[in-house]
Amino acid sequence: MYLLIVNPHAGNGKAKQAFERIQKMESFHSIEQKTLFTDAPGEGKVIAANYSGDRRIKHVIVIGGDGTMHEVMNGWVNQEVPVSFIPTGSGNDFARGTGQNRNAEKQWQKIISSPDRYCYWNGRVQLDNSENKKFINSIGVGIDAITTEAANKSRLKGWLNRLGLGKLIYLIALIRVIWSFQPMNIRLKYDGKVRTLQNVWLISAANHPYCGGGLKVVPHAVLHQEYLSILIVHQISRKKILLLFLLIIFGLHRFLKEVELFRTKELVIEADSPVRYQADGETGRLRTCLITKDQRAVHII
Ligand SMILES: Nc1ncnc2c1ncn2[C@@H]1O[C@H](COP(=O)(O)OP(=O)(O)OP(=O)(O)O)[C@@H](O)[C@H]1O
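Since this is a predicted model, take the numbers as computed values, not measurements. (Residues numbered from 1 in each chain as written. Predicted model: local features only at pLDDT ≥ 70, side-chain atom pairs only at ≥ 80, totals over all residues. Heavy atoms only, no water.)

## Considering the site of the ligand
- Among the 18 residues in the neighbourhood of the ligand, the closest are listed as Gly11, Thr38, Thr68, Glu71 and Gly91.
- Contact distances for the ligand include 2.4 Å between an oxygen atom and a side-chain N or O atom of threonine 68.
- Contacts to the ligand include glycine 91, whose backbone N or O atom sits 2.7 Å from an oxygen atom.
- In the complex, 75% of the free accessible area of the ligand, which totals 630 Å², lies under the protein chains. (Near = heavy atom within 4 Å. Polar contact = N/O pair within 3.5 Å; in protein donor to acceptor, adjacent residues only side chain to side chain. Areas by Shrake-Rupley, 256 points an atom, 1.4 Å probe, with all protein chains shown as cover.)

Okay, structure coming up:
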């Protein structure tokens, strides 16, 4: 049996519309399925956790945005069962990063008819409160987390989403927070090295290059079982950070001397005081964390 988890709210209603179109397809009626709708933030994880032990389920299909996929990946524990995705959110970075079809009907058809399965290795972060989370796209510490938090709280977000200008909210939020952001002092441990960095604006660890709705923020990132791709921005002036975000649009930020790119199997971040992070857009605070790849692959189509 297929378990369909649909976030009707994702993509400002796009997910709901896509599900309604899929429901009208002949192939929808040819399979055994159970469809559940998330009715609040966090529900995707709860549903996935509740159904993980159900042996009748042979395949999970998520219809929603990256936030919904993030929640389901964090709730679903049965690694034998594929977790497929019909990207109908506003950003759809996971679909870009994994090369999935962004046409809902085509993606549906592929999922239910193709025998192919691909392995995907999520990232994993262990926080200082011993909470353990998976991330499908990336985790960021610093200015991107503060921007995400400000964008999520903004009342403008709903308005802009309704006008189809949802991505603008991140630019507006960035311009708002950039003047008050306090760069961080961070200790990094990786590959047997310990580095103390001052004036750090951003540390991002990614499974693939895309973030923020199609921007190649971590341009050197590759899908890999063991390696995370890391981007660090430090020792940069407040004015130049605006230039950096402009250059990200064209993929040219990698040439700034304040941008460091490397790959590693695990990264420890230690901050002097609690700092904000975002994992696939879900925000929180941490003082220390260990970031790795999840060694158990998830099968996707
Ligand atoms: N019924 C609901 N009402 C309101 N929010 C919901 C509901 N169901 C889930 N959510 C929340 O909606 C949020 C946004 O969903 P999601 O990230 O999937 O879509 P999106 O933001 O449009 O897409 P993307 O992340 O790709 O930009 C998630 O954080 C999820 O917790």
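## Some words on the environment of leucine 171
- The topology assignment puts leucine 171 in helix α9 (residues 168-177).
- Taking the C-alpha atoms as reference points, leucine 171 and threonine 147, 24 residues apart in sequence, are found 8.4 Å from one another. (Helix = DSSP H or I, 4+ residues; strand = E, 2+ residues; numbered from the N terminus.)

## Regarding α9
- Considered for burial, the residues of α9 that qualify are Ile169, Ala173, Leu174 and Val177. Take α9 and look down its axis: the buried residues cluster within an arc of 135°, on one side only.
- Tucked inside the fold, the buried residues of α9 contact α7 (143-153), α8 (156-162) and α10 (238-250). (Buried < 20%, exposed > 50% of the residue type's maximum accessible area, 1.4 Å probe, protein only. Arc of directions from axis to C-beta. Contact = heavy atoms within 4.5 Å.)

## Some words on empty space enclosed by the protein
- Per the stated rule, a full pass over the model turns up 1 cavity of 30 Å³ or more.
- The volume enclosed by the largest cavity comes to roughly 60 Å³.
- Forming the boundary of the largest cavity are Met73, Trp76, Val77, Asn78, Gln79, Val81, Val83, Lys134, Ala297, Val298 and His299. (1 Å grid on protein atoms, 1.4 Å probe; cavity = no way out; pocket = protein on both sides within 12 Å on 5 of 7 lines; lining within 4 Å. Points joined across faces, edges and corners; volume = space filled by probe spheres on them.)

## What to know about the environment of aspartate 280
- With respect to the secondary-structure elements, aspartate 280 resides in the loop between β15 (267-279) and β16 (282-293).
- A relative accessible area of 12% places aspartate 280 in the buried class.
- With 95 residues separating them in the primary sequence, aspartate 280 and asparagine 185 have C-alpha atoms 23 Å apart.
- Setting aside residues no more than four positions away along its own chain, aspartate 280 makes contact with His70, Lys134, Phe135, Ile136, Asn137 and Ser138.
- Within the structure, the side chain of aspartate 280 is placed 2.7 Å from the backbone nitrogen of asparagine 137, a separation counted as a polar contact.

## Description of the side chain of lysine 134
- Here lysine 134 lies in strand β7 (residues 132-135).
- Here methionine 73 takes part through its backbone oxygen, which lies 3.3 Å from a polar atom of the side chain of lysine 134.
- Other than its neighbours up to four places away in sequence, lysine 134 contacts His70, Met73, Asn74, Trp76, Gln79, Asn122, Gly123, Arg124, Asp280 and Asp294.

## Section: the layout of surface pockets
- Its boundaries defined by the atoms lining it, the second largest pocket holds a volume of some 270 Å³.
- For the second largest pocket, the lining is made up of 16 residues, of which Phe181, Gln182, Met184, Pro274 and Val275 are closest to its centre.
- Breaking the lining of the second largest pocket down by element, the ones donating at least two residues are β9 (184-190) and β15.
- Counting residues per element, the lining of the second largest pocket draws most heavily on β15, at 6 residues.
- Tallied by class, residues from the lining of the second largest pocket come to 8 nonpolar, 5 polar and 3 charged. (Nonpolar A, V, L, I, M, F, W, Y, C, P; charged D, E, K, R; others polar.)

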